[in-house]
Amino acid sequence: MNPLDLPPSALGPRTFALVAGVETYEISRHWNLRGPARDALRFAGWLTGPGGVPPGHVRLLLSPLDDPDSLDWSASAALEALRDTHRPATEANTKSVLFDELPACDGDVLVIFWAGHGYTEPHRGDLMLPSADARTGQILHLNLDSALRWWRTSLVKREVFRYQAALVDACRVDAPREARWNFGANDYGGGATVPGRRQFRLYASREGEAAKNDAERGAGRFTEELLAELGERPVREAVSGLADTARSIHRTFLGLRARGEGWQLPQFVVDRNWDASSFLDDDVPGLAPPRAGRLDQTAWDGLGELFEGRDLPRCAYEAYLWAFKAAGCAAPTRGGLPGDSLLEVAQDLDERHGGPNGMPLAVPFVRFLAEQGAAGDERWAARVLDWVRATRERLGLPALPPPPPPARTTALHVRLETPPGGEDGFHARMWLRREATEHIWESEGEPVRLDAVRDALVRQLGAAAKAWGADAEAGRLSGAVERIEFHVPYELLDLDFDQWQVPRGPGGRTRPLGVVYQVVVRCPQEREDTGAEWRGKWRWLWAQGGRHPDAVRVVADADADDGLGMELGAGAAPACVLAHTRTGARTSAVVEAVLEGGVPVALWHRAPTRPGRSGGAGGAGAAGAGAGGGAGGAGGAGSVGGAGGVGPDGSAGDLLALLAPAGEDGRPPDPGALDVLALPARVRAVRRAAAVAGAGAPVGDRRQPPGGDRLVLLWDDPDDTLILRSLA
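Model, not experiment: these values are computed from the prediction.

## Re the overall build of the protein chain
- Counting its regular elements, the protein chain contains 19 helices and 23 strands.
- Residues counted as buried form 54% of the 728 residues belonging to the protein chain.
- For the protein chain, restricting intrachain contacts to residue pairs at least 6 apart in sequence, the fraction spanning at least 24 positions comes to 75%.
- Carbon and sulfur atoms make up 49% of the accessible area of the protein chain, which totals about 30,400 Å².

Below, the structure written as structure tokens:
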């Protein structure tokens, strides 16, 4: 018997549809994605082509990245007719179509197709589909589950639309919890439930998982498979066979997972078939029911003891992501940890029911913490491993792969101290930080000039490179130097260490230090009064994986007042400040506020070297470090109080554009998209590009803006700061 109770042959003409594709969102250009508009157009093409649905029955809502006329409307004359009737995918248009226009039509089947972003509401789990006019503070959206509940009630005439299908190519990840992402509450109400109305739902992902979108091809993976299954079938046949179509698509994605080609790709959740029977994964012939991967009470009791009073370790976010990979399922697309404590993170993982082999996600998370989050506490690490072992044995869990080794950066640290008696030069010390810390050089006796420090640095870099080469030949790669960190007094923060020339290649060739290595400056002695804020911000930044809408604060001239330091230190965010200041006084004020507020990372433009004054090591005007004066000479080129932030053309440099160039739509970059933890490598890349551009060579398709060679990166990692005796 036909699952649709033998509907009339005129089912095609009596089918109505809402088809929406949203690619651009007002809230941020980083929400934009390429593909949903093309997917919606192709689905509308199937409906009005092989499906046999009149174009007048299709309400098409499109908000594409490009001009709608640039889309391919040529599939059929019926699709071409929709070119003049489509509307933007705003909330008002969506509600007008779903609650005013379509309920007034005389139809048998309602089809809803939506492609774009999707989020689940935290309490009921309703699927929220943001509209094109979603904006910060008010994310306008369609609550699909509430809308479908409304469509089953007496507010739609009883004799029409007995069959309703929702096909959604969108993620079903948790809605962001930050206050600025306010979805509000959309509940459309409804009348009395009408018996006999049937709904079929096919989603491109499970709750908590992302739907794959191929931006280069402009297509969602779900839509690709759906259209391939629908083929040339008319609406009657296609709608009747939706359950079989769903099973076939489901097997395709299970095959991708089995071959290891897409563990992060979505599985499919199907609500009910047309017979109102449960249609879940364990109904698929030949597939064993998936085990629900959850911890038992004994495991939770053990975690309570292990995690009590323990702060989030630096590796917590890495452990969170690895848990999904180790269990063979997709990680949430929203960055950052879901809680502020280890127990909250473990609870979030446990509520996601684990991977396909029944592995609770909390188990690999805890295993990772034992390997990398013990911070020298071997006794605690042993207790954590005992918990993992006992939990696996008690719950019959499979073996876990070992977590990846921690990423290590070999850094050479240079510490400079101002002589207490005001003598010329500096006391200096260097150490090499790999797996362990090795003291490699120290100035002795009288203070030394910066050119002597530079010469010693060149020698130590050469020795480190030679040792690395010997280890490489012996098969023991201990790591070449990647980063050079200058621990300096406040008055030297602006000195152009990155422009120190170091040997590079044959024939006595030299290159700027900051082009070859990651070069950062630090000012740990200014952290004594704000240690709690400093460490708290750093921990919070790592818990967010380096990215968060509030992690980066862009500060302009108007913000640089006496209260800025207190404002920056009031909370965990921001952890990074970009100084878009035009004058040296304002730049100096911002840097002072950064240190007062405990902000660990800051970036600004160095003052251009003034004519007749050298910014190099040992020059007479290098912050008074040469033969002519003490540290912090007034107005020196190395002083934070110089003309920092002013570009060659007299305008303030746009640091955000240097670090994260604008996208194809031309909108300025969003600070929340900046990976703060990757800044040392990113700044080196900008310096290299500026060096190439300065030599007159092309840099890809776009030359770096001016100022890429005058960047100062303050990078104060509290986990990598040694407390050493004074060199004086």
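## Here's the deal with a positive patch on the surface
- Taken together, Arg504, Arg509, Arg511 and Arg688 make up a surface patch of like positive charges.
- Inspection of the secondary structure puts Arg504 in the loop between strand E17 (501-503) and strand E18 (510-512).
- In this structure Arg504 comes out as partly exposed when scored by relative accessible area, which is 43%.

## A few points about the sheet that holds strand E4 (residues 119-120)
- Ordered by their spatial adjacency, four strands build an open sheet running E6-E5-E4-E8, and the pairing between neighbours is mixed. Strands at the two margins of the open sheet, each flanked by one partner only, are strand E6 (141-143) and strand E8 (173-174).

## Some words on a negative patch on the surface
- A cluster of acidic side chains, namely Asp561, Asp562, Glu592 and Glu596, defines a negative patch on the protein surface.
- Along the polypeptide, Asp561 turns up in the loop between strand E20 (552-556) and helix H16 (564-568).
- For Asp561, a relative accessible area of 45% translates into the label partly exposed.

## A short note on the environment of Trp114
- If you trace the backbone, Trp114 turns up in strand E3 (residues 109-115).
- The exposure class of Trp114 is buried, given its relative accessible area of 1%.
- Separated by 55 residues in the primary sequence, Trp114 and Asp169 place their C-alpha atoms 6.2 Å from one another.

## Here we look at the pattern of salt bridges
- Per the stated rule, a full pass over the model turns up 31 salt bridges.
- Among the salt bridges present, the one from Asp66 reaches Arg34, with a minimum N-O distance of 2.7 Å. In this pair, Asp66 is assigned in the loop between strand E2 (58-63) and helix H2 (77-82) and Arg34 in the loop between strand E1 (15-22) and helix H1 (36-48), connecting sequence segments 32 residues apart.
- The salt bridge involving Asp455 is made with Arg454; its shortest N-O contact spans 3.5 Å.

## With respect to the confidence of the model for the protein chain
- Mean pLDDT over the protein chain stands at 80; residues scoring 70 or higher make up 78%.
- Below a pLDDT of 50 lies the segment residues 610-653, which in the model reaches 109 contacts outside its immediate sequence neighbourhood of four places, other chains included.
- Predicted confidence for residues 697-705 stays below pLDDT 50, and this span has 15 contacts to residues more than four positions away or in other chains.

## Considerations on unusual backbone geometry
- Each neighbour pair has its own omega, and for Ala573 with Pro574 the value is 5°, a cis peptide bond.
- With respect to the secondary-structure elements, Pro574 resides in the loop between H16 and strand E21 (576-580).
- Unusually for a residue other than glycine, Phe161 sits at a positive phi of about 50°.
- In this structure, Phe161 sits in the loop between helix H4 (144-151) and strand E7 (163-169).

## A short note on the nonpolar core
- Of all hydrophobic cores here, the largest spans 48 residues; its most connected members are Leu416, Leu457, Phe486, Leu493 and Leu513.
- Among the elements that make up this core, the one with the highest residue count is helix H13 (residues 450-473) (six residues).
- The residues touching Leu513, leaving out its near neighbours within four places in the chain, are Leu457, Leu461, Ile484, Phe486, Phe497, Asp498, Gln499, Trp500, Val502 and Val519.
- Of all hydrophobic cores here, the second largest spans 44 residues; its members include Leu33, Ala89, Ala134 and Val160.

## Quick look at the pairing of strand E5 (residues 127-130)
- Where burial is concerned, the two faces of E5 agree: the one with Leu127 and Leu129 and the one with Met128 and Pro130 are both buried.
- Bridge count between E4 and E5: two bridges; the pairing is antiparallel. Bridging across to E5, Thr120 finds its partner in Leu127.
- Taking the residues that link successive antiparallel strands as the turn, the E4-E5 hairpin has six residues, and the phi of Gly125 there is positive, at about 80°.
- The pairing of E5 with E6 spans three bridges and is classified as antiparallel. Within E6, the residue paired with Met128 across the bridge is Asn143.

## Comments concerning the packing of helix H8 (residues 297-307) against helix H12 (residues 378-395)
- Close contact between H8 and H12 brings their axes to 11 Å; oriented N to C, the two are set at 175°. In terms of orientation, H8 and H12 fall into the roughly antiparallel class. Here Thr298, Ala299, Gly302, Leu303, Glu305, Leu306 and Phe307 of H8 lie close against H12, whose contacting residues are Trp380, Arg383, Val384, Trp387, Thr391 and Arg394.

## A closer look at the packing of helix H10 (residues 342-350) against helix H11 (residues 362-372)
- Where H10 meets H11, the closest approach of the two axes is 8 Å, and the angle between their N-to-C directions is 145°. Seen from H10, the contacting residues are Leu342, Val345, Ala346 and Leu349; seen from H11, they are Ala362, Phe365 and Leu369.
- A per-class count over the contact of H10 with H11 returns seven nonpolar, no polar and no charged.

## Quick look at the environment of Leu337
- One can find Leu337 in the loop between helix H9 (316-327) and H10.
- If we skip the residues at most four places from it in the chain, Leu337 touches Leu312, Ala316, Tyr317, Tyr320, Val345, Ala543 and Gln544.

## Concerning the side chain of Thr530
- Note that Thr530 resides in the loop between strand E19 (518-522) and helix H15 (531-543).
- Residues within four places of Thr530 in sequence aside, it is in contact with Leu595, Glu596 and Gly598.

## Overview of the environment of Gly584
- Here Gly584 shows up in helix H17 (residues 584-596).
- Sequence separation between Gly584 and His605 is 21 residues, and the spatial gap between their C-alpha atoms is 9.8 Å.

## Some points on H4
- Most of H4 is tucked away: seven of the eight residues are buried.
- Leu144, Asp145, Ser146, Ala147, Leu148, Trp150 and Trp151 are the residues of H4 that are buried.
- On its buried face, H4 sits against helix H3 (91-101), E3, E5, E6, E7 and strand E9 (198-203).
- For H4, the capping residue at the N-terminal end is Asn143, with a side-chain oxygen 3.3 Å from the backbone nitrogen of Asp145.

## Here we look at the packing of aromatic side chains
- Taken as a whole and assessed by the stated rule, the structure comprises 17 aromatic pairs.
- Between the aromatic rings of Tyr25 and Trp31, the centroid separation amounts to 5.6 Å while the plane-to-plane angle is 65°, which identifies the pairing as edge-to-face. In this structure, Tyr25 and Trp31 share a single accessibility class: buried.
- Relative to Trp500, the ring of Phe486 has its centre 5.6 Å away and its plane inclined at 80°; by these criteria the two rings are edge-to-face. Here Trp500 lies in the loop between strand E16 (483-487) and E17 and Phe486 lies in strand E16, a separation of 14 residues in the sequence.
- Residue placement shows Arg310 over the ring face of Trp380; its charged tip is 3.8 Å from the ring centre.

## A closer look at H17
- Taking 1.5 Å as the rise per residue, H17 with 13 residues should run 18 Å; its terminal C-alpha atoms sit 18 Å apart, in good agreement.
- Taken together, the buried positions of H17 are occupied by Gly584, Thr587, Ser588, Val590, Val591, Ala593, Val594 and Leu595.
- Residues of H17 that are buried in the fold lie against E20, H16, E21, strand E22 (601-605) and strand E23 (711-715).
- Looking one or two residues beyond H17, the residue adopting positive phi is Gly598, at roughly 75°.

So, how was this worked out
Residues numbered from 1 in each chain as written. Predicted model: local features only at pLDDT ≥ 70, side-chain atom pairs only at ≥ 80, totals over all residues. Heavy atoms only, no water. Helix = DSSP H or I, 4+ residues; strand = E, 2+ residues; numbered from the N terminus. Buried < 20%, exposed > 50% of the residue type's maximum accessible area, 1.4 Å probe, protein only. Contact = heavy atoms within 4.5 Å. Areas by Shrake-Rupley, 256 points an atom, 1.4 Å probe, with all protein chains shown as cover. Patch = residues over 30% accessible without salt bridge, like charges linked within 9 Å, V, L, I, M, F, W, Y side chains within 5 Å. Salt bridge = Lys/Arg side-chain N within 4 Å of Asp/Glu carboxyl O. Lys, Arg positive; Asp, Glu negative; His and termini not counted. Charge placed at Lys NZ, Arg CZ, Asp CG, Glu CD. Pairing = 2+ DSSP bridges. pLDDT = per-residue confidence, 0-100. Core = buried A, V, L, I, M, F, W, Y, C linked by side-chain atoms within 4.5 Å. Axes fitted to C-alpha atoms, helices over the stretch in contact; angles between N-to-C directions. Parallel < 35°, antiparallel > 145°, perpendicular 65-115°, else oblique. Nonpolar A, V, L, I, M, F, W, Y, C, P; charged D, E, K, R; others polar. Polar contact = N/O pair within 3.5 Å; in protein donor to acceptor, adjacent residues only side chain to side chain. Phe/Tyr/Trp six-rings, centres within 6.5 Å; stacked < 30°, edge-to-face > 60°. Lys NZ or Arg CZ within 6 Å of the ring centre and 35° of its normal. Expected span 1.5 Å × (residues − 1).

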